[in-house]
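Chains, contacts and geometry: an overview
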Amino acid sequence: MIEIKHLSKTFQMKDGAVEALQDINLTIPDGMIYGIIGMSGAGKSTLVRCINLLERPTSGSVVIDGTAMETLSPADLRARRREITMIFQQFNLLMQRSCLKNVCFPMELAGVKKADAEKRARELMQTVGLPDKAEAYPAQLSGGQRQRVAIARALATNPKVLLCDEATSALDPDTTRSILSLIREINQKLGITVVVITHQMSVVEAICDRVAILDGGRVVEEGAVQEIFARPKTAAARRLVAPGGGKASRELASFAPDDHVIRLTFNGSSTSKPLVASLAAETGILVSVLSADTRDLNDQCFGSMMLRLPRDVAEARRAVDYIKVQPGVTVEEVTGL
């Protein structure tokens, strides 16, 4: 278990002190995929570097499996870091070494015999789906392949924790999905705790169990991913969950006086019954989708949608009545009714 207790980090700059993190308190259970998300400058990367003490907190504590990391001697800290490995946005591979030798590198530092290290490295290249790239060099690989090699290297010392600092930010969407799928597979097969640092809510929804939202160096919201998507409580969470949410409001002035407009909020409704299509099929009422920012998460729908209803008031009311009885959907009458 990772426990972050009252952690703060202040950087001393030429023009004064900068508080990068302020009183962070988080608990990450063993075996979980835990997301830490925020906009640029929120303090995400500083926080993840404090977890393995690449950055030493100004105050507070990082406790992993009952041991306060900041109390360890330099030698003990180095040994403990073998259990807390990290992958990065830019892969950080050694370009002059083959992929196999990159994976061997942390084992060399740990004093593992060469033959044993190479055997383990080949097994890990198989695990990440690149057994045929063992003798290739990083420059010969795609970005996704490089990240797979980096993941293999991170697994070389049999870690208990894998820290992912914007690990998919440099990758295209298809490659991102494949890397996230690999991370989820590793988590499930090996039971490794994964901490995912990202600015992309799509990454969180794809693999994370819980998420903490950072804003201005503070945790402003924390909870199960589905709960955050369904009911974001803070402005920072709403910006991440529905980044286009304000656009529809700015367009309200363009509606005609007799327009009937409603806003729907999906709080985990089933995706097996498409709402607009079901409304048309079951009532014969046709509506226009003015804006939508929804996403599927574990076969449930989260987000919001704005609909223009028929001009006929009776039909518009029937449509509202139909939608209001659907599970997981909240209806807000915006204008005209």
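Some points on helix 11 (residues 275-283)
- Among all positions in helix 11, only L275, S278 and L279 are buried. One face of helix 11 carries all of its buried residues, which in axial projection span an arc of 105°.
- Count one or two residues on from helix 11 and you reach G284, which has phi positive near 80°.

Quick look at empty space enclosed by the protein
- As enumerated under the stated definition, the model contains two cavities of 30 Å³ or more in all.
- A volume near 70 Å³ is recorded for the largest cavity.
- As for the largest cavity, its lining consists of 13 residues, of which A167, T168, V196, I197 and V203 are closest to the centre.
- Sorting the residues of the lining of the largest cavity by element identifies helix 6 (173-190), strand 8 (193-198) and helix 7 (201-207) as the ones contributing at least two each.
- For the lining of the largest cavity, the leading source of residues is strand 8, giving three residues.
- Residue classes in the lining of the largest cavity are distributed as eight nonpolar, four polar and one charged.
- There is about 40 Å³ of room inside the second largest cavity.
- Every residue along the wall of the second largest cavity is listed here: G38, M39, I213, L214, D215, A236, R239 and L240.

Focus: the layout of surface pockets
- The space that makes up the largest pocket amounts to roughly 610 Å³.
- Among the elements of the structure, helix 2 (74-81), strand 6 (84-88), helix 3 (99-109) and helix 5 (143-155) are those that each provide at least two residues to the lining of the largest pocket.
- Sorting elements by how many residues they give to the lining of the largest pocket places strand 6 first, with four residues.
- Considered class by class, the residues forming the lining of the largest pocket number 10 nonpolar, four polar and four charged.

Here we look at the sheet that holds strand 3 (residues 33-37)
- The strand order across the open sheet built from six strands is 6-7-8-3-9-10, with neighbouring strands paired in mixed fashion. The open sheet has two edge strands, strand 6 and strand 10 (218-224), and neither has a second partner. Each strand axis lies, on average, 15° off the axis of its neighbour in the sheet, ignoring direction.
- Pairing geometry for strand 9 (residues 210-215) and strand 10, over six bridges, is antiparallel. When the bridges of strand 10 are listed, R210 appears paired with A224.
- Against the sheet, helix 5 contacts strand 6 and strand 7 (161-165), and its axis sits at roughly 170° relative to strand 6.

Here is what the cut-offs are and how they apply
Residues numbered from 1 in each chain as written. Predicted model: local features only at pLDDT ≥ 70, side-chain atom pairs only at ≥ 80, totals over all residues. Heavy atoms only, no water. Buried < 20%, exposed > 50% of the residue type's maximum accessible area, 1.4 Å probe, protein only. Helix = DSSP H or I, 4+ residues; strand = E, 2+ residues; numbered from the N terminus. Arc of directions from axis to C-beta. 1 Å grid on protein atoms, 1.4 Å probe; cavity = no way out; pocket = protein on both sides within 12 Å on 5 of 7 lines; lining within 4 Å. Points joined across faces, edges and corners; volume = space filled by probe spheres on them. Nonpolar A, V, L, I, M, F, W, Y, C, P; charged D, E, K, R; others polar. Pairing = 2+ DSSP bridges. Axes fitted to C-alpha atoms, helices over the stretch in contact; angles between N-to-C directions. Contact = heavy atoms within 4.5 Å.

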